[in-house]
Amino acid sequence: GGGAHNKRRRAPPPHLVGSVFVPAESPAGAWQNHGERYNHAERVALGQLTDIATLARWRRDGRALVTTPPSAPEVGATVRMLTWRQPVYVGGRYLKRARGVPQAPWIDSETGVTIGEGSVQTSLDAVVSRAFRADGSKLNAAGREDIDVRMLGGGRPFILEVHNPRRPNAAATAEARAAMEAALEAADGGAVAAVDIHVTDAAAYRAMHEASEEKEKEYTAMCWAEKPLTLEDELMLSGIKDLQIQQSTPVRVLHRRTSMTRPRTIVSCRCERVPNASRFFTLRLKTQAGTYVKEFVHGDFGRTRPNVGEMLGCAADIIQLDVTDVVMDFANGELKGLDGDEREGKIAKAE
């Protein structure tokens, strides 16, 4: 009926037109293209056979053209075998010591200009993919920091899905993993580094985001207030504990996030005035996952309440922000295989 008529009129996909078939780079892509070609041919054949006149004509004339048994082919067949190894999953905690580095490559959609200096993903991929002789990798991290925010302390948990590794056991030994960490340390002045590199599995990769929703994060923020802070102001901010705030989606991300109000918790806060510059102060915060710390300081035009400026009774803003820890159980401990002193020493070196 009408469905068969529409099938006959529909043109094949553009990449199937032409006599030369160029397979995709990956075997999965090649098999997908093969399947599309077969399905299209099948649709065309079924569309033709639903035409009663065509079917009758084939029964009358077509059988005379069929040779039984068929003759031997005159052209040799070409067989191409494509191999593709299962991904390897490499975990660890990354540190970002420089500002202006995004987590993933960032290209302006309107101008095509690259924003920032490299990326965390690019730096990790360059070392890990080279060690595994892989085709590339995909980064999955426990959240992300803004491009102008550093990731210090113990680092942010991450897992790389390493694609088509030709050396799947490249991280099997402690020496090999230490070599990867050293290579990251030596590249780009150590702007991006990693600690506790280890091999994990697909289940951990999939669970990364679920676990990150339960985490807490610690920050250090350099802030400014319109008025000089008094000792009372300092003590008031330092007394914040389990403060419930309401945060509407920040103005700066409204173009890509749903507009809604979310409850968040400021677990603790410690305020320190800068000596001889009482308009400046440092906040050391522990917050629930998903808290927008910049907006908690300046208020975002009243979209985050309560906020630091509101508590001080004056305008407040944030000058610099660092993530100092992501409180999350990962890889059987924050730095697997290290006892207390060695762990503290490695974190101190990373900072």
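Note that the structure is a prediction, hence the values are computed from the model and not measured.

Novice: I keep staring at the overall build of the protein and nothing clicks. Help me out?
Specialist: Tallying secondary structure elements over the protein gives ten helices and twelve strands in all. Going through the 351 residues of the protein one by one, you find that 38% of them count as buried. Within the protein, contacts between residues separated by at least 24 positions form 72% of all contacts whose residues are at least 6 apart in sequence. Of the roughly 20,500 Å² of accessible surface on the protein, a fraction of 53% belongs to carbon and sulfur atoms.

Novice: I would appreciate a short explanation of the nonpolar core in the present structure.
Specialist: Generally speaking, a soluble globular protein has its nonpolar side chains buried in company with each other. Membership of the largest hydrophobic core comes to 57 residues, with the highest contact counts inside it found for L124, F132, M180, F281 and L283. It is helix α4 (residues 120–132) that contributes the most residues to this core, six residues altogether. When residues no more than four places from it in sequence are discounted, the contact partners of M180 are V127, V128, A131, F132, A170, A171 and I197.

Novice: Would you explain the layout of surface pockets in this entry?
Specialist: If a probe as big as a water molecule is rolled over the atoms, it shows which places are left empty. What the largest pocket holds in volume is close to 1,200 Å³. In terms of lining residues, the largest pocket is bounded by 40 residues, among which R144, E145, D146, R256 and R257 are the most central. Elements represented by at least two residues in the lining of the largest pocket include exactly β2 (106–107), α6 (202–212), β7 (216–225), β9 (261–274), α8 (293–298) and β12 (316–327). Among the elements that take part in the lining of the largest pocket, α8 stands out by supplying three residues, more than any other.

Novice: Quick question: what am I supposed to make of the packing of aromatic side chains here?
Specialist: Aromatic ring pairs are reported here in terms of the distance separating the ring centres and the angle at which the planes meet. Counted under the stated rule, the structure contains two aromatic pairs. For the ring pair Y89 and Y205, a centre distance of 5.4 Å and an interplane angle of 50 degrees mean the geometry is tilted. Within this pair, whereas Y89 is found in strand β1 (residues 88–96), its partner Y205 is found in helix α6, the two being separated by 116 residues in sequence. Judged by relative accessible area, Y205 falls into the buried class, the value being 10%. Ring plane angle 50 degrees and centroid distance 6.3 Å describe the contact between Y94 and F158, whose orientation is recorded as tilted. Within this pair, whereas Y94 is found in strand β1, its partner F158 is found in strand β5 (residues 150–163), the two being separated by 64 residues in sequence.

Thresholds, definitions, all that
- Residues numbered from 1 in each chain as written.
- Predicted model: local features only at pLDDT ≥ 70, side-chain atom pairs only at ≥ 80, totals over all residues.
- Heavy atoms only, no water.
- Helix = DSSP H or I, 4+ residues; strand = E, 2+ residues; numbered from the N terminus.
- Buried < 20%, exposed > 50% of the residue type's maximum accessible area, 1.4 Å probe, protein only.
- Contact = heavy atoms within 4.5 Å.
- Areas by Shrake-Rupley, 256 points an atom, 1.4 Å probe, with all protein chains shown as cover.
- Core = buried A, V, L, I, M, F, W, Y, C linked by side-chain atoms within 4.5 Å.
- 1 Å grid on protein atoms, 1.4 Å probe; cavity = no way out; pocket = protein on both sides within 12 Å on 5 of 7 lines; lining within 4 Å.
- Points joined across faces, edges and corners; volume = space filled by probe spheres on them.
- Phe/Tyr/Trp six-rings, centres within 6.5 Å; stacked < 30°, edge-to-face > 60°.

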